[in-house]
Each structure stands twice: as structure tokens, then as C-alpha cells.
Amino acid sequence: MTDNSNSKFPSEAEVVIVGVGGIVGSMLAYWLAELGQKNIVGLEKSTIIPSDIASTAHASDFVYNTTHDKLGCWTTAFSRKFYEDNGFFLKKGGLEICRVGDDERWEELKRKVASGKAFGTNVSLISAAEAVEKFPLLEEESMIGAMWDPDAGLVIPRSQEVVNFAVESAKEKGALKTFTNTPATDFEIEDGKIVGVKTDKGTIKTNKVVIASGIWGPLMGDKAGVGVPLMPVEHPLLFFGPYEEIQDTEEMLVYPLLRDQGNSAYVRDTGKFHGGMLEWGYYEDKNPRLVDPEDIGNPDKTMLSDSMRYLELEEIAEPLEKAFETTPILSELGWDEKSSFNGLLSVTADAGSLIGESPEVRGFWLCEAVWVKDGPGCARLCAEAMVNGKTQVDMHSFDISRFYPHQKEKEYVKTRAFENSQTIYTPAVHPREPYITQREMFVSPFYEREKELGGHFENEVAGWERALAYISNREKLDKYIKEVPLRENEWDTRHVPYDVANAEHLAMSDSVGMINLSHFPIMDIKGPDAERMLEYLSVAKVGGNTPEGKVIYTNFLDEDGGVHADLTISRLGNDSYRVVTGGADGNRDWVTLRNYRDDNGLNADINIRTHDIATLGLWGPKAVEALGNFIDPNEIDIKNFPFVSAKNLTLNLSGGKKVDVWAARISYVGESGWEIYFNNNKDCMTPC
Ligand SMILES: Cc1cc2nc3c(=O)[nH]c(=O)nc-3n(C[C@H](O)[C@H](O)[C@H](O)COP(=O)(O)OP(=O)(O)OC[C@H]3O[C@@H](n4cnc5c(N)ncnc54)[C@H](O)[C@@H]3O)c2cc1C
């Protein structure tokens, strides 16, 4: 590897990559150069490239193609193609076995096959006997069967070689200079924008830096005041053998890859490397050992490099015993203590990768928490966003701006990363699997009443608790429950009583019901350029002669006409608007608005009102009658209060009490009704 460490240290760069010696940093250099980026400086803390201290240095380099996540399938497919096209991939196939008695996993494998069909991968179920044919070290009686992925394989000879290739390619284009033994130590930030990267060799002036520092990412983020919501976690990797049968093989991999998720473990042979050993990796599913980023390199725990920690046999005794049931050869071979270790890798607060420009500091980019199997794909998306300002596929589920500030607090990240670590491999994770930690962060004024009614609060959104159905309605709505089609599969009703939820909808279509919408983010936008900003971003007309009090359901589109956001914009006044968007997307939409405003030097104040305002949806054919109990019906008659309009109302409550609300006559299912916005902030006298 040619290194520029002896050449003059640069004082400026167009892009600085922090961590160019890992798979992600190197692939970023590769794609940035491909996209025409010049003057890239790659910093690496290790003394060599490929880095010998990186997670990449330890990866087993498996590539399995199917997850339940469309974007994940895309990044893997893209990466696999890159590895294949450049001679770095050995397609050997891969098994995911299902143990006898683990019927739940068998169902999960069926669902995985379905996801494969949906997302374009090529997987199928096979019998236990067929699995043994493919991987003869398996015990047939221990399995129900397996899922077979013929396109799974290994990055060869090692992902580190890809690092080498990617960096050299970028250098050959004259786009990249690398500096080893040169950690980024700090950042210079002015007016919320990155202006420089500090190292012991000097400061590099730049307005773009990308953090590809893997498990060290949060330490880099801390220096810049940027939250990087990931935690390093210990991942035990053990070597067994050598195994005589393959000891003298010339192949890089003799058997297909094997996953045994019922034991949270995987197996592969090392082929001609390491003299024909078997490699057994395990993801701790009960008590994962998270590591504080500050504790990386702790001398009492660290083996040969910072991302390798000592492994105690007790930590894996139980799953190892279990591994002997499906692959008894492991017990015959015995483990090689000297070469076994706990490798460190990243797990995030929501289990997704972290890609994109940080909301906190403009020009401070992240490409973090990325597996080797996704490295080239994720780096490609990040590079496209950096150079072109857009990506070839929608990457909102990896976009760093999806996290609200509270979701990047240290305790939040730790507890959620702990929960996500438990499910890296093991159980089938239900899409509505509730998180246990960090609950009741935000509750609406209706929360206590919702609890009394038996609200099902399994899934919070953006920290807000909101009920998906009320158990007290089970008896009340018996008539409707009988109409609801039965969901026979337990999986389809897990965590949410859909019969009740569906009956609630039917009842609402006949009569009227209330839905708590307080988790909807609300942004009030005011200023001379508010109209220009919203008119540019949204597809519908919201300014011009749009009357005050008009509510417009619209989308923000990206440059290619793809949907970026789905929201309503209400005209509150000549130069003031209210944007109401979805709970999971609020922070991303805020970033879009703010960046557009700042990049174009516009004058518009964006006031986040979400916590000041509680919202109730009142919907159904009897909504007019219901609201009419609290106000002169004439005021809310359709002639005086048309559809998609909004106005202030004063509601008369019992005991002569009055409450001022802002009501928007809108619904999304063709029913009559309103979104009613209440003041939820005693200290805030601004009307809602
Ligand atoms: C035991 C083990 C097995 C694994 N098996 C697989 C597998 O089979 N398949 C798979 O897809 N993934 C696997 N992974 C995960 C995979 O290794 C990681 O997800 C991936 O390597 C992360 O790559 P990265 O480039 O983001 O980080 P890294 O490879 O860790 O690279 C980050 C680089 O940043 C550098 N750096 C840090 N701080 C600074 C600084 N201040 N200045 C300059 N440089 C800095 C570091 O020195 C390092 O070189 C495995 C991981 C482990 C530990």
C-alpha cells in the first residue's frame, strides 16, 4: 500500500475521511473518486492501511442476502455485486438452519423466504437431509430443515484486501492521499459548519468531513458535538481445530456458510487460511456486553488491538454446549484459546446504519454502523449524497437525521443498543416488538385516561406513547368484532389486539371516535421567506392566493420527484404556516426545512411546537354532532367551516369552562371530522 505519510501534510482538503483503513472509509474514498471528487485526504489512526486495529480486520466476511429490510437487501446486493465484479467474492451458498422443536424459527424462515421474494433475493426452504448434503458436518436429527441461500458467500481473500484495492483505486485517480498513524484529534467548527480537522501533524482546512470510524464514531462525534447513536458490543469469535479433512485444502472455503440462529451462532471453515480451522461466532442474546466508547483500548481488557478483547470461556460455555448438538465436530476438535477473542462491532439505537450529514454540524458527515456485507453499498449512498446531494435509492431508514435529539442521549443509546444487541441473530423480531427501555418519555394530556380505558401502548413513536387499541372496547364493540375477519396466525395479532383495533375503526365509520395524535410533529413557520421555502419544497401550492385558514395535504419531493415527506401545511397568516408531519419523520422533515432555508439564505423562523400542543382527531359521520355538543353547531356547519380549512374555536366545557382550540377540518379516510389542537404548555400563552 502506498502511503503519503512521508509527504507534506496537507493544509486543506475538499473532503477528509476519518478512518480510511476500514471497509467503509476505503469504499467512501473509492466512490467519492468515482463520482469525480478530488482532493480527498484519508486519515487513519492505525500505522497501516488496511488498518490492523479495525473491526474490518476481524470480520468473518459473511455475505447473506436476505433480511426483512428492503434497503438492507439493496445495500447487500449492491455490495455483493461490487465484490463479485472485482474478484473479491466466493459464492458458496449459505444455510440458516432450524433446530428441532424451534417451530417459531421455522415460521420465521418461511417469512424470510417471503421477504426474499419481495426484495429480489433467491432463498428457499430445504429439508434437514438436504442441509446435511450441503454441509456434511451437521447433525441431521438436530434440525427441522433449513433456509438455503445459493448466492450467499464470502468476501475473499479478506475484506481487508478490498480496503487495499479501494484505496489504491482512488489514489490512481489522483483523488486521494492517505496518512496513517494520524488520528483526527478534534474539529474546527464555525457558525455550525465544519471548517477544519485537527491532527497532531497539523490542521486540515475543509468544509466536508466524513466519519467512517466504526466503533470509535461516538468519540469523534463528541469532539464536534454530534450525537452518534451507536455502542460497541463484544462479539465472541472462536477457532476450533485444525480439522484434518480440510487441513491441506487449497480452497478459500470448503463448506457453505452456516447460521444457527436458534443458538445465536454461526460456523464457517477457514479454508486454506489458518490451516483448516472451523470458526464459530456468537452474538450474546441475553446479556450482551456493550462497551463504552471511552473504554475501547482499556489495557486490562484489550488483546492484540483495540477492537479485540479477551474472551472468557464461561461467557460462551452454554451456547457452545448447544452448538455441539448441531455441529458435534466442534466438541471433537476443541477450541484454540490463543486465537479466539471478543471482536468489537457497532450496534445502534434502532439497529439501522447511520448515514448522512449530521443535523448538528453542517459538513460533518457520518457513514457508521455498517457491516462488511453492506460496506460498498452504504458507502456508495453516502458518497452520492455528499457529491450529488441525492441518492439512487431512498435511504431514509439509514439517514442519521431520523433521530430526534433525545434519541441520541447517552443513556437512551445504551439501553436501546442493549436491546438491539439481544436480537442481532436470535429470535424472530416482530415488526411491532415493543422496546422495554426509554418508555413514557413523552405522554399526551390524554394518557392517564387512555390507560384507564386499557390502552395498548406497545409501540411508542419518537418517544411518544400512543395507544393502538383500547381493551375496554372489546365488550362495547362486540357487534363489530364479529364482523372483523379472524387473523388465524398468532404472529399477525402479536402485540396488538387487531380485532379490537379493527372494530374501533368500523365503529368510527358508523359513528364517531377520537384518536390521540399528539405525537405528530408540529412546526410553525413564519417570516418573509416562509412562502418561498414551502412553495419550493412542497408539490402543492401553499402560498400565493391560498387563503388564510386553508389546510393543504401535500408532499415534499426530492429532485427526481420521489416523495421525501408526507404532511399537511396550513396557512395561518400572510407569512405564517403550520407544518404537521408524521411522528417518525419529524426530525428529518425539520432538517430538510432548516437546511433549505439556511442554504438559500432565507428569512423564516421554524418554531417546533410539538410539545406545546396536544392533538386529538375527532372523526366519523357523527363528528359534527359530537363537536356540536361543545359549540354553536352553526359555527361548525360545513358552509361555515368547509373541508380542508382551519380556524380558532372556543369550546364550552361542563361547569362553564371554556377552552380555546385551533381546529383543522380534515380527515384521511373520507370521513367527516377535525384535528383539534389544544394548548399543552401552561407556560406558553401563544394560542395554538
Ligand atoms: C469478530 C467479527 C466478525 C464479523 N463478521 C462479519 C461478517 O461475517 N460479515 C459482516 O458483514 N460483518 C461482520 N462483522 C462486522 C464488520 O467487521 C464491521 O461492521 C465493519 O468492519 C465495520 O467497518 P468500518 O469501516 O465501519 O469500521 P472499522 O473497520 O472499525 O474501521 C474504522 C477505522 O477508523 C479508524 N479510526 C478510528 N478513529 C480514528 C481517528 N480518530 N482518526 C483516524 N482514524 C480513526 C480505525 O483505526 C479503523 O481503521 C464482524 C465483526 C467482528 C468484530
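The notes below deal with the structure included here. (Residues numbered from 1 in each chain as written. Predicted model: local features only at pLDDT ≥ 70, side-chain atom pairs only at ≥ 80, totals over all residues. Heavy atoms only, no water.)

### As for the site of the ligand
Around the ligand there are 35 residues in total, and Glu44, Ser51, Thr56, Val370 and Lys373 lie nearest to it. Contact distances for the ligand include 3.2 Å between an oxygen atom and a backbone N or O atom of Ile23. Within the side chain of Ser51, one N or O atom sits 2.8 Å away from an oxygen atom of the ligand. Relative to its free-state accessible area of 1,000 Å², the ligand is covered by the protein chains to the extent of 96%. Where the shell around the ligand is concerned, the elements lending two or more residues are helix H1 (23-34), strand S14 (230-240) and strand S19 (341-348). (Near = heavy atom within 4 Å. Polar contact = N/O pair within 3.5 Å; in protein donor to acceptor, adjacent residues only side chain to side chain. Areas by Shrake-Rupley, 256 points an atom, 1.4 Å probe, with all protein chains shown as cover. Helix = DSSP H or I, 4+ residues; strand = E, 2+ residues; numbered from the N terminus.)

### Details of the environment of Lys482
Locating Lys482 in the fold gives a position in the loop between helix H14 (478-481) and helix H15 (498-510). Separated by 127 residues in sequence, Lys482 and Ile355 have C-alpha atoms that sit 47 Å apart. Only 2.8 Å separates the side chain of Lys482 from the side chain of Asp478, close enough to count as a polar contact.

### Looking at unusual backbone geometry
Residue Pro50 follows Ile49 across a cis peptide bond; omega there is -5 degrees. Assignment of secondary structure puts Pro50 in the loop between strand S2 (40-43) and strand S3 (62-63). A positive phi is found at Ala351, a non-glycine position, where the angle reads about 75 degrees. Looking at the element boundaries, Ala351 is found in the loop between S19 and strand S20 (354-357). One non-glycine residue, Gln438, adopts positive backbone phi at about 55 degrees.

### Overview of the side chain of Thr415
Here Thr415 lies in helix H11 (residues 410-422). A distance of 3.0 Å separates polar atoms of two side chains, one belonging to Thr415 and the other to Gln438. Apart from the residues within four sequence positions on either side, Thr415 is in contact with Thr437 and Gln438. (Contact = heavy atoms within 4.5 Å.)

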